[in-house]
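What follows is the residue order along each chain.
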Amino acid sequence: MRITISTGAGHERAGLRPALAGVALALALAGCSFDLTPSATDEVKAVSTSEAAAAASLISAYRVANGLPAVSVDARLNEAAVFQARAVAQAGTLSHGAFASRMSEFGIRGAAAENLTAGPTTIADAVARWKASPGHNANLLMPEARRIGLARADADNRYGRYWALVLGQ
């Protein structure tokens, strides 16, 4: 059974064990936004995965310093990140939408997590913001993670730059 939890803080994880289903459902209902699809209203000027290798390097160094294995860039996770970065940039707001369904549609199996942020101009700033947030940090340090996908979308709106990071097994 796959359960998705969103704390409403811009991070999400899927792939929990069935024994945690009741707790996960309670947490999800307590803090989750049920916005399944952000409405597209803003023009996305550019979408890029060019910082994915830099993100993998930054995240790997952080993980290794915390006794965890490094991560590598995965093309399929990049595709999932591109989809979500574009969606949140168009909406002008951060939302995970139907995370578990999206992971399934992209063929991503097993434990997965997603971090989103808006505003930082560099990947180093985005990763620093995720490290400073307990929920996002837990995703960066997810023991099962071995691969990542990262995308940046630029839009002409109040945040300008949107980042989507997908971590998976």
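Every chain is numbered on its own, with residues counted from 1 as its sequence reads. Given that the model is predicted, a residue must reach a pLDDT of at least 70 before its local features are reported, and side-chain atom pairs must reach 80 or more before they are shown or counted; all residues, however, enter totals for whole chains, interfaces and linings. In computing side-chain values, all of the structure's heavy atoms are included and hydrogens and water are not.

A few words now on the pattern of salt bridges. Only one rule defines a salt bridge in this text: a Lys or Arg side-chain nitrogen within 4 Å of an Asp or Glu carboxyl oxygen. Inspection of the entire model under this criterion finds five salt bridges. The salt bridge involving Arg152 is made with Glu51; its shortest N-O contact spans 2.6 Å. In this pair, Arg152 sits in strand 6 (residues 147-155) while Glu51 sits in the loop between strand 3 (44-48) and helix 2 (52-65), placing the two residues 101 residues apart along the sequence. Given the relative accessible area of 11%, Arg152 is considered buried. For Arg147, the salt bridge identified is with Asp74, shortest N-O distance 2.9 Å. Taken together, the residues Arg147 in strand 6 and Asp74 in the loop between strand 4 (72-73) and helix 3 (75-91) connect sequence positions 73 residues apart. For the pair shown, Arg147 and Asp74 are each scored as buried. Here the salt bridges share partners, and the residues they tie into one network are Glu51, Arg152, Asp154 and Arg161. Only DSSP runs of H or I covering at least 4 residues are called helices, and only runs of E covering at least 2 are called strands; the numbering of each starts at the N terminus. Residue burial is assigned from relative accessible area. The probe radius is 1.4 Å, only protein chains are included, and a residue is buried under 20% of its type maximum, exposed over 50%, and partly exposed in between.

Quick look at helix 3 now. Because each turn of an α-helix spans 3.6 residues, side chains separated by three or four positions end up pointing in the same direction. To estimate the expected span of a helix, count its residues, drop one, and scale the result by 1.5 Å. With 17 residues, helix 3 extends 24 Å from end C-alpha to end C-alpha; this agrees with the ideal 24 Å at 1.5 Å per step. Within the span of helix 3, buried status applies to Leu77, Asn78, Ala80, Ala81, Gln84, Ala85, Ala87, Val88, Ala89 and Ala91. Here a polar contact is recorded for every N or O atom pair within 3.5 Å, except that within protein the pair must consist of a potential hydrogen donor and a potential acceptor, and residues adjacent in sequence are included only if both atoms are side-chain atoms. The backbone nitrogen of Arg76 has a side-chain oxygen 3.0 Å away, supplied by the residue at the start of helix 3, namely Asp74. Immediately downstream of helix 3, the backbone of Gly92 shows phi near 75°, a positive value.

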